[in-house]
Every structure is written in C-alpha cells, then in structure tokens.
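Read off the chains here:
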Amino acid sequence: MPNGQHRPSSPQPAGGQWYPPEWPDRIRALADGELTPVPPKRAATVMLLRDTPAGPAVHMLRRRASMAFAGGAYAYPGGGVDPRDEDRRIGWAGPGRDAWAARLGTDAATAQAIVCGAVRETFEEAGVLLAGETPDAVVGDTTGDDWEADREALVARELSFAEFLDRRGLVLRSDLLGAWARWITPEFEPRRYDTWFFVAALPEGQRTRNASTEADRTVWIRPADAAARYDGGELLMMPPTISTLRSLEPHASAAAALAAAAAQDLTPVLARAALVDGELVLSWPGHDEFTKRVRPGGTA
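No experiment lies behind these values; they were computed from the predicted model shown. (Residues numbered from 1 in each chain as written. Predicted model: local features only at pLDDT ≥ 70, side-chain atom pairs only at ≥ 80, totals over all residues. Heavy atoms only, no water.)

## Things to note about the overall build of the chain
Moving on, step 1. If you tally the helices and strands in the chain, you get eight helices and 14 strands.
Moving on, step 2. With 300 residues in all, the chain has 53% of them scored as buried.
Moving on, step 3. Residue pairs in contact within the chain that sit at least 24 positions apart in sequence constitute 71% of those at least 6 positions apart.
Moving on, step 4. Accessible area of the chain: about 12,600 Å², with a carbon and sulfur share of 48%. (Helix = DSSP H or I, 4+ residues; strand = E, 2+ residues; numbered from the N terminus. Buried < 20%, exposed > 50% of the residue type's maximum accessible area, 1.4 Å probe, protein only. Contact = heavy atoms within 4.5 Å. Areas by Shrake-Rupley, 256 points an atom, 1.4 Å probe, with all protein chains shown as cover.)

## Notes on unusual backbone geometry
Moving on, step 1. A positive phi angle is found at Arg-157, which is not glycine, with a value near 60 degrees.
Moving on, step 2. On the secondary structure map, Arg-157 appears in the loop between helix 4 (145-155) and helix 5 (161-168).
Moving on, step 3. Exposure remark for Arg-157: the relative accessible area of 32% places this residue in the partly exposed category.

## A short note on the layout of surface pockets
Moving on, step 1. There is about 270 Å³ of room inside the largest pocket.
Moving on, step 2. Taken together, 16 residues line the largest pocket, and the ones lying closest to its centre are Trp-183, Asp-265, Thr-267, Val-269 and His-287.
Moving on, step 3. Elements represented by at least two residues in the lining of the largest pocket include exactly strand 8 (178-184), helix 7 (239-248) and strand 11 (269-270).
Moving on, step 4. Broken down by element, the lining of the largest pocket gets its largest block of residues, four residues, from strand 8. (1 Å grid on protein atoms, 1.4 Å probe; cavity = no way out; pocket = protein on both sides within 12 Å on 5 of 7 lines; lining within 4 Å. Points joined across faces, edges and corners; volume = space filled by probe spheres on them.)

## Quick look at the sheet that holds strand 5 (residues 92-93)
Moving on, step 1. Across the sheet, which stays open at both edges, the three strands sit in the order 5-7-6 with mixed pairing between neighbours. Sheet topology places strand 5 and strand 6 (131-132) at the edges, where each strand pairs with a single neighbour.
Moving on, step 2. As judged from the two bridges shared by strand 6 and strand 7 (residues 171-173), these two strands associate in the antiparallel manner. When the bridges of strand 7 are listed, Ala-131 appears paired with Leu-172. (Pairing = 2+ DSSP bridges.)

## Considerations on the pattern of salt bridges
Moving on, step 1. Taken as a whole and assessed by the stated rule, the structure comprises 18 salt bridges.
Moving on, step 2. With a closest N to O distance of 3.0 Å, Glu-289 and Arg-246 form a salt bridge. Residue Glu-289 is found in strand 14 (residues 287-294), and its partner Arg-246 is found in helix 7; the two are separated by 43 residues along the sequence.
Moving on, step 3. Put simply, Arg-120, Glu-121, Glu-124 and Arg-157 are held in one network by salt bridges that share partners. (Salt bridge = Lys/Arg side-chain N within 4 Å of Asp/Glu carboxyl O.)

## Considering the sheet that holds strand 13 (residues 279-284)
Moving on, step 1. Reading across from one edge, 12-13-14 is the order of the three strands in this open sheet, with antiparallel pairing throughout. Either end of the sheet is taken by a strand with one partner, and the two such strands are strand 12 (272-276) and strand 14. If you compare each strand with its neighbour and ignore which way they point, the axes differ by 25 degrees on average.
Moving on, step 2. Where strand 13 meets strand 14, four bridges bridge the pair, whose relative direction is antiparallel. Residue pairing across strands places Leu-280 opposite Val-294, the latter belonging to strand 14.
Moving on, step 3. Against the sheet, helix 1 (residues 23-31) contacts strand 12, strand 13 and strand 14, and its axis sits at roughly 95 degrees relative to strand 13. (Axes fitted to C-alpha atoms, helices over the stretch in contact; angles between N-to-C directions.)

## Description of helix 5
Moving on, step 1. Among the residues of helix 5, Phe-161, Ala-162, Phe-164 and Leu-165 are the ones counted as buried. Seen along its axis, helix 5 keeps its buried residues to an arc of 160 degrees; they face one direction.
Moving on, step 2. Residues of helix 5 that are buried sit in contact with helix 3 (108-126), strand 6, helix 4 and strand 7.
Moving on, step 3. Remark: Gly-169 follows helix 5 within two positions and exhibits a positive phi of approximately 65 degrees. (Arc of directions from axis to C-beta.)

## A few points about the packing of helix 6 (residues 223-231) against helix 7
Moving on, step 1. Contact geometry of helix 6 with helix 7 gives a least axis separation of 8 Å together with a crossing angle of 140 degrees. Relative to helix 7, the element helix 6 lies oblique. For the element pair helix 6 and helix 7, the recorded crossing hand is left-handed. Taking contact as the criterion, the partners of Pro-223, Ala-226, Ala-227, Tyr-230 and Asp-231 in helix 6 are, on helix 7, Ile-242, Leu-245, Arg-246 and Leu-248.
Moving on, step 2. Here the contact of helix 6 with helix 7 is built from residues that sort into seven nonpolar, no polar and two charged. (Parallel < 35°, antiparallel > 145°, perpendicular 65-115°, else oblique. Left-handed = near helix turned anticlockwise from the far one by under 90°. Nonpolar A, V, L, I, M, F, W, Y, C, P; charged D, E, K, R; others polar.)

Right, dumping it as structure tokens:
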C-alpha cells in the first residue's frame, strides 16, 4: 500500500471517509501559492476478487492504527512501482507492453513496470502470484519457506521482480489483470502517488494471507457490504477505495468484473482545492460525494 508521512492522528470520517486533520492548512497554503506540489510517484494496487454464493467478494487490508497515514483505513494490496522493472525483458503472457501502454496512457517501459508492480505487490502483501510456468498456467500454493524467502527479498528490494520471475522460470500473466481506474494524490499532499487500480480473480489453488507489515487484518467482503459499512461510518476508507468498491457492485462474478475492465474509464482523478467566498472547497471531479468545504476556522 502506498504509504504516507503524516504524524499519527485521529481519523476524521465523513461517513467512513478518512482524511488527515492537517489538510485544511495545506489546502490554504496551496491556494495562497505557498506550497509547491511534489511530483507523484507511480503506484499500482489490485482489487483481488473471488466468487461466493452471494456474489464476488474483494480482498481488503486494514492499515494498522499506528500507521502515520490513514491508520485504521481499509485498502487493497498495492504500493510503489519499481523502476528496475521498466526495461528488462521478462516472461510475459497476455497483452504486450505496447497494448498495455495504450491502455494505461504511458510508454511501453512504464506500462511494463506498472503491470509488474501490480503483480509483485499482490504477491508481497497477499501471498497471491499471477504468474505461471507457461502462458496458460498459474502457480499453485505459494506458502512454502522457499516462496517466503523470495517474497521477503522482494519486499526488501534485494530482488527485482524480473529477477524473481527469471529465477523461478515463470511467466507473468498480464491477461489475468484488468485496468480499472487511475487516481492521483491531491497536489497539497507532501507525498503523492499516481496510482493505477487493477482487478483480478484469485487463481485456483492459491489463498490469500496477511503478508503485509502495514496491515493488522485482512477480510474478504462483498463490495456492497463494504460500501454499506463505509456509509454507516463503520469502515474507514479514502475516496479512491470507496469509489472503486462502488464501481464493482454491479458485477455478478469475478469473471464479469474482469471482462468489464476494458470499458472502464482510466482518466486520472485528481482532487481540486479552491477558495470560494472565503471557504476552501475540496472536490474530486466526477465524484461529488467526496466534496468537502473547509470553513475559515479550519474545520471541514
């Protein structure tokens, strides 16, 4: 999960929406020209789905309450893209680098790194690997000691994902991923990410586990149930998480969601902050439910 740098503080939910209490001051500084936005780093996150009798469920992690950024909030496995995955040729199945570049709105090398980042982070944080020995196969159980040693080496960045695939003789299954959405951290944040959201189905024979040091629990939950608990203030989430959850609700199976990914709009969503009649207004274009009005006293 992309990590932040804010000092520990109590979440301020609106429904279940999490935002840092220091946002108002930073928004004012941006509006006054006193804050220079930092360039966002590339990141990838995966909405891993599995079918249940009641419909598809999504795998979510709850960030540890002690985390400086979004402590206690629910998210998906994800994190920063490793630039080492840009240029090295690797075993690859499914749409090629150029096809992914066109879909993601990047060059081919960047697209390869983003797709690698999505698959790597899912393995690092959930123990699920979207790769196989052949273009039409997927590995089975990945819970042995040797797999864990490689996973830990990936987390520590002692091993690049390309090197990991080569060592294992594996082919990355890009056809098991569907690009779903793209959100960019607001310009007033000191640590920013340009994050591509993907959807994938849990491969047969594999199971998830909480392998992330940033999470204190994991859960499989139907998107509609998670959204209802967010609306009731029970589950904390950031805008990209609840937005993508709601967009999963219409799909009756993991396969249906994956098939629908090709039609998903990948126009980047970037929050805007404006000063309107002395009141700061924070909005996400196309997502009115997240609009916040920050009064002169600094409260939202």
